[in-house]
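Here's the letter readout for the chains.
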Amino acid sequence: MSGNLSMKLCAALDKSASCVIMEQYYIMISILDQAIAGQSGGCKASGRKQMKKRILIIGGSYAGVKAGKTLHKIFRKNDDVEITLVDKNPFHTLMTELHEVAGHRTEADSIKIDLRKIFRGRKVNVVTDEITECNIPDHWVASAKRKYEFDYLILAIGSEPNFFGVKGAAENSHTLWSYQDAIQLRAHIEHMFERASYEDDPLERKRLLTFAVCGGGFTGVEMVGEIGESKKHFCTK
């Protein structure tokens with residue numbers, strides 16, 4: 001999902017009680033459970049036919065997967081609840097292991113987990129699609145292919161890299177925030193070692209093999225370590 005759409009969705013939060021952010025996960029689960037239970041009881045008491053309650057999860061992130069698993073546990077015996085998870089990728093990415101792929105410690109596919117495999121046997125319908133439009137007041141979101149209506153919407157679309165105002169960082173650096181980022185960074189590092197292997201000028205070779213990491217958080221520290229440990233592998237290759 002694009003950053004602009006993410007901001008639009010988040011901006012609409014105050015306008016709809018059905019839309020919640022994943023950081024309020026446990027509160028949200030409790031509210032959903034009580035709301036749906038209350039509506040089910042009201043329909044049974046009045047004799048009215050009950051419509052299925054549609055819970056839509058956008059994003060197969062850690063938060064989205066956790067939400068889907070927990071909702072399955074709560075509503076697995078409730079046929080009046082329908083749970084759908086939509087993500088543009090058919091897989092969940094192990095974000096905490098991106099540096100291992102970028103540093104060539106492990107193969108790229110090792111950090112991809114098939115979402116359908118995760119939810120196999122669970123009450124969660126997994127759809128591979130990219131949401132591009134939303135209408136919070138009318139309770140629907142849409143892709144280029146179709147529209148998804150919902151009664152309750154869970155946003156688990158993640159976030160974007162933050163350069164914290166460091167001049168030139170966004171324009172001149174590789175980010176390490178997604179599966180695609182890890183693949184691209186891995187290819188770049190390998191390409192630099194390859195170029196250096198054909199370079200006779202020691203100063204130019206040193207320049208090609210100089211890597212700067214902007215940021216000393218978990219990802220930055222792990223990435224520095226991976227480059228240091230993988231240099232022998234790249235040199236041999």
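One can find the structure itself at the top, above this paragraph.
This one's a predicted model, so the numbers in the text were calculated from it and none came from an experiment.

S.K.: Just to check I follow, could you spell out the pattern of salt bridges for this structure?
M.R.: In a structure, side chains of opposite charge can pair up when their charged atoms sit close to one another. Counted according to the given criterion, the structure contains seven salt bridges. Between R105 and E229 there is a salt bridge, and its shortest N-O distance comes to 2.8 Å. Separated by 124 residues along the polypeptide, R105 in the loop between α4 (98–102) and β5 (112–114) and E229 in helix α9 (residues 218–236) bring together distant segments of the chain. With relative accessibility at 49%, the residue R105 sits in the partly exposed group. Assessed through its relative accessible area of 58%, E229 is described here as exposed. Among the salt bridges present, the one from K112 reaches D109, with a minimum N-O distance of 3.7 Å. Its relative accessible area of 55% is what places D109 among the exposed residues.

S.K.: What's the story with the packing of aromatic side chains in this structure? I'm lost.
M.R.: Any aromatic ring pair is given by two values, namely how distant the centres are and how the planes are angled relative to each other. Taken as a whole, this structure holds three aromatic pairs when the rule is applied. Aromatic pair F193 and F234: ring centres 5.1 Å apart, planes at 25°, arrangement stacked. You can see F193 sitting in helix α7 (residues 179–197) and its partner F234 sitting in helix α9, a full 41 residues away along the chain. Summarising the burial analysis for this pair, F193 and F234 share the class buried.

S.K.: Help me understand helix α3 (residues 62–75), please; the structure alone is not making it clear to me.
M.R.: Along an α-helix, a turn takes 3.6 residues, which lines up residues three or four apart on a common side. Between its terminal C-alpha atoms α3 stretches 20 Å, which fits the 20 Å expected from 14 residues at 1.5 Å a residue. Along α3, the positions that sit buried rather than exposed are G64, V65, A67, G68, T70, L71, H72 and F75.

S.K.: Explanation requested: the side chain of S230 in the structure shown.
M.R.: For S230, the location among the structural elements is in helix α9. Given a relative accessible area of 7%, S230 falls into the buried group. Looking at S230, its side chain comes within polar contact range of the main-chain oxygen of E226, at 2.8 Å.

S.K.: Mind showing me how you'd approach the side chain of N89 here?
M.R.: Inspection of the secondary structure puts N89 in the loop between β3 (81–87) and β4 (91–93). When neighbours within four sequence positions are excluded, N89 is seen to be in contact with L115, T128 and Q180.

S.K.: Explain a nonpolar patch on the surface here, please?
M.R.: A contiguous nonpolar patch, built from Y62, M95 and W177 and spanning about 280 Å² of accessible area, is present on the exposed surface. Mapped onto the elements, M95 comes out in the loop between β4 and α4.

What counts, and at which threshold
Residues numbered from 1 in each chain as written. Predicted model: local features only at pLDDT ≥ 70, side-chain atom pairs only at ≥ 80, totals over all residues. Heavy atoms only, no water. Salt bridge = Lys/Arg side-chain N within 4 Å of Asp/Glu carboxyl O. Helix = DSSP H or I, 4+ residues; strand = E, 2+ residues; numbered from the N terminus. Buried < 20%, exposed > 50% of the residue type's maximum accessible area, 1.4 Å probe, protein only. Phe/Tyr/Trp six-rings, centres within 6.5 Å; stacked < 30°, edge-to-face > 60°. Expected span 1.5 Å × (residues − 1). Polar contact = N/O pair within 3.5 Å; in protein donor to acceptor, adjacent residues only side chain to side chain. Contact = heavy atoms within 4.5 Å. Patch = residues over 30% accessible without salt bridge, like charges linked within 9 Å, V, L, I, M, F, W, Y side chains within 5 Å. Areas by Shrake-Rupley, 256 points an atom, 1.4 Å probe, with all protein chains shown as cover.

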